[in-house]
Amino acid sequence: MLMSPQGFFRLRVLLVWASLLLAFAAFVAGFELDFSVVRERFPNLLGLRLNPDGALQGAALSVLVSFAAMAVAIVLGLAAALGKLSRSAIAYGLATFYNSFFRGTPLLVQILLIYLGLPQLGPVPAAIPAGIAALALCYGAYLSEIFRAAIVGVDPGQWEAAQALGMSQGATMLRVILPQAFKSAVPPTGAMFISLLKDSSLVSVMGLWEIMFLAQSYGRSSYRYIELLLTAAVIYWVLSIGLEFLQAWLEQRLRARHG
Amino acid sequence: MAERALRHNGQTAAPALVEARGIHKGYEGHPVLHGIDLKVGAGEVVALIGRSGSGKSSLLRILNGLVSMDAGQIDIDGLRLTAQDNAARTLRQLRSTVGMVFQKFNLFPHLTAGHNLMLAPQSVLGLGREEARVRALAMLERVGMADKFNAYPRHLSGGQQQRVAIARALAMSPKVLLCDEITSALDPELTGEVLDTVRQLAADGMTLIMATHEMAFAREVSDQLVFLHEGKVHESGAAEALFSDPQTAELRNFIGAMDRGRAARER
């Protein structure tokens, strides 16, 4: 049977992927690895069981922290984007300071500041909320740039039309501008989400038993570091691919709705 | 009937619905309008003509508060706007009285034609969903677009989009409708349907102020013609009189250039 040109293209892409994966496997095979140590720890790495303290662990924890952090980051990012577009000096000042600080300092430092710094003031944050807060604060700053650009990118004629109908600034933003900005913000936001998922490994320093924490601990105890790190890498990769599909699905839906 | 007869004398007997005095506007030091006076009676159709850059668009945008003025005063239906008093509340009140239709339609692309019309009545006038829907349908009916209630703007032709945009402005029950070169972005074969819609509005007694390059149309439907030149009202009066007997060289040149342009297009 003859293939359509698109089908043929897809087949060739698949072959390229398969060869690259094979090459990668060959490279790794040279390490003389023994994956038997991974097998019994794999359910923990995926987070299918709770840890001895009865808390989430592994990929399940990473996913939970990432989704929660992303949700908070979107709210923070939107607020900061509106602040940067605001005529109020206070809102603008708050937004720009926030943006500058959290984009200008390493995420690891921010995590340690929250984890080690906050207890100096009194409150000792629980590890999971603290991890979510650190990631959300950092990624909210990056998202604010994406959202600001998306809002500014909406045709000014849309503002004029809504204003000319007597709509308030707030209603115009909410009902006219944001729904349109949303569409152009989805692809870069999806990319940020994938990046956040991987950066969630940094919260292992807070003692959260997420993927990287487990991989490193198991690696140390079994002297099979590379095997466990590779396993962690594959888990992150598969999760990222899942997010890519989620993003593609969302884009598709938005396109179907308003072209 | 008596009212119509009066209108065609180019006079406004009743107190003006729109009265602008001494409007000045400049952009970054370049004066665009210097000292515009304009008086428009209820039910009157006024055409603003003049070269591109003569300030037609700026004047329309100032009349509904989209652009602030540097000096001057506008009275519209008992509401006063000055260069000093342009609080957000006053502006919103003004805009609920003054509708505007744009050259590039500016329909909301993420909403269907029907929802384009329902949004402002719900958001500004506080109408319920059903009420807004009934009103939207009636307005689409008025511009012959009722069957496109559920169509997204991208599925409509330019002429259809502009008719929906007119209906959207009408859905706010404005006392005055401003039209900013509403056929300039349309293919020539699509201007007719939009002009027909405007003609119908004029016949229904809607007060219209339109910036236009459609000279024949301006001559046909307008009661008052205002020729803007270098940011001033250079000449104004009854359309017929102005076209047949322009008093200044500038207007003569302008009408001549427009006629030549149209002749060239028609060839």
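As the structure is a prediction and not an experimental result, all values here were calculated from the model. (Residues numbered from 1 in each chain as written. Chains lettered and ligands numbered in written order. Predicted model: local features only at pLDDT ≥ 70, side-chain atom pairs only at ≥ 80, totals over all residues.)

Undergrad: Quick question: what am I supposed to make of the overall build of chain B here?
TA: When its secondary structure is counted, chain B shows ten helices and ten strands. A compact globule built from 267 residues should have a C-alpha radius of gyration of about 18 Å, and chain B, at 18 Å, falls within 12% of that. Classification of the 267 residues of chain B by burial places 46% in the buried group. (Helix = DSSP H or I, 4+ residues; strand = E, 2+ residues; numbered from the N terminus. Rg over C-alpha atoms; globule rule 2.2 N^0.38 Å. Buried ≥ 20, exposed ≤ 12 C-beta atoms within 10 Å, placed from the backbone.)

Undergrad: I keep staring at the overall build of chain A and nothing clicks. Help me out?
TA: Within chain A, the secondary structure is distributed over ten helices and zero strands. From first element to last, N terminus to C terminus, chain A shows the α and β order α-α-α-α-α-α-α-α-α-α. Its C-alpha atoms put chain A at 70 × 70 × 30 Å along the principal axes. Counting across all 259 residues of chain A, residues that qualify as buried make up 33%.

Undergrad: Sorry, what's going on with the nonpolar core here?
TA: One recurring pattern in soluble globular proteins is that nonpolar side chains are buried together. In this structure, Leu135 and Tyr139 of chain A together with Leu48, Ala167 and Ile209 of chain B are the most contacted members of the largest nonpolar core, which totals 133 residues. Examining the composition of this core, we find that 16 residues originate from one element, helix α6 (residues 127–152) of chain A, more than from any other. For leucine 48 of chain B, the residues in contact, after removing those within four places along its chain, are Lys56, Leu59, Ile209, Met210, Ala211, Val226 and Leu228 of chain B. (Core = buried A, V, L, I, M, F, W, Y, C linked by C-beta atoms within 7 Å. Contact = placed C-beta atoms within 7 Å.)

Undergrad: When you look at the interface of chain B and chain A in this model, what are you seeing that I'm missing?
TA: Where interface size is given, it is often the accessible area lost as the parts come together that is meant. On the chain A side, the residues contacting the 19 residues of chain B number 17 residues. Those elements giving two or more residues to the side of chain B that touches chain A turn out to be α3 (88–97) and α4 (113–123) of chain B. In the side of chain B that touches chain A, the residues fall into ten nonpolar, five polar and four charged. (Nonpolar A, V, L, I, M, F, W, Y, C, P; charged D, E, K, R; others polar.)

Undergrad: What am I meant to see in the sheet that holds strand β9 (residues 224–229) of chain B here?
TA: Adjacent strands of a sheet form backbone hydrogen bonds with each other and so pair up, either parallel or antiparallel. All names here are of chain B. In spatial order, the strands read β6-β7-β8-β3-β9-β10; together these six strands make up an open sheet with mixed pairing. Each having just a single partner strand, β6 (98–101) and β10 (232–238) make up the two edges of the open sheet. Ignoring strand direction, the axes of neighbouring strands in this sheet form an average angle of 15°. Across four bridges, the pairing between β6 and strand β7 (residues 176–180) is parallel. (Pairing = 2+ DSSP bridges. Axes fitted to C-alpha atoms, helices over the stretch in contact; angles between N-to-C directions.)

Undergrad: What is the right way to look at the confidence of the model for chain A in this model?
TA: Close reading of the predicted structure is inappropriate where its pLDDT is low. On average, residues of chain A carry a pLDDT of 90, and 98% of them reach 70 or more. Ranking the elements of chain A by mean pLDDT puts helix α2 (residues 36–46) of chain A last, at 84, and helix α4 (residues 89–104) of chain A first, at 96. (pLDDT = per-residue confidence, 0-100.)

Undergrad: What is the right way to read the sheet that holds strand β2 (residues 30–40) of chain B from this model?
TA: All names here are of chain B. A sheet is described by the order of its strands in space; here four strands give the open sequence β2-β1-β4-β5, paired in antiparallel fashion. In the strand order of this sheet, the two ends are held by β2 and β5 (79–82), each with one partner. If you compare each strand with its neighbour and ignore which way they point, the axes differ by 20° on average. With five bridges joining them, strand β1 (residues 18–27) and strand β4 (residues 71–76) adopt antiparallel strand pairing. What sits directly across from glutamate 19, in β4, is aspartate 75.

Undergrad: Whenever I open this one, the pairing of β7 of chain B confuses me. Can you help?
TA: Residues in a regular strand point their side chains to alternate faces of the sheet. All names here are of chain B. In terms of burial, β7 is a largely internal element, five of the five residues being buried. Where β7 meets strand β8 (residues 207–211), five bridges bridge the pair, whose relative direction is parallel. Along β8, the bridge assignment pairs cysteine 179 with methionine 210. Between β7 and its parallel partner β8, the chain crosses via helix α7 (residues 188–203), and the hand of that crossover is right-handed. (Right-handed = clockwise from strand over helix to strand, strands pointing away.)

Undergrad: Honestly, unusual backbone geometry in this entry has me stumped. Any pointers?
TA: Among all residues except glycine, the phi angle is most often negative; among peptide bonds, the trans geometry is most common. Residue and element names in this part refer to chain B. Of note, aspartate 77 is a non-glycine position whose phi angle comes to about 50°, a positive value. Tracing the chain through its elements places aspartate 77 in the loop between β4 and β5. Aspartate 77 sits in the partly exposed class, given 16 other C-beta atoms within 10 Å. Phi is positive for asparagine 106, close to 55°, though the residue is something other than glycine. With respect to the helices, strands and loops of the structure, asparagine 106 is situated in the loop between β6 and α4.

Undergrad: What should I look at first to understand the pairing of β5 of chain B in this one?
TA: Residues and elements named next belong to chain B. Note that β4 and β5 share four bridges and pair antiparallel. When the sheet's bridge partners are listed, aspartate 75 is paired in β5 with arginine 80. From the end of β4 to the start of β5, which pair antiparallel, there are two residues, and aspartate 77 there has a positive phi angle of about 50°.

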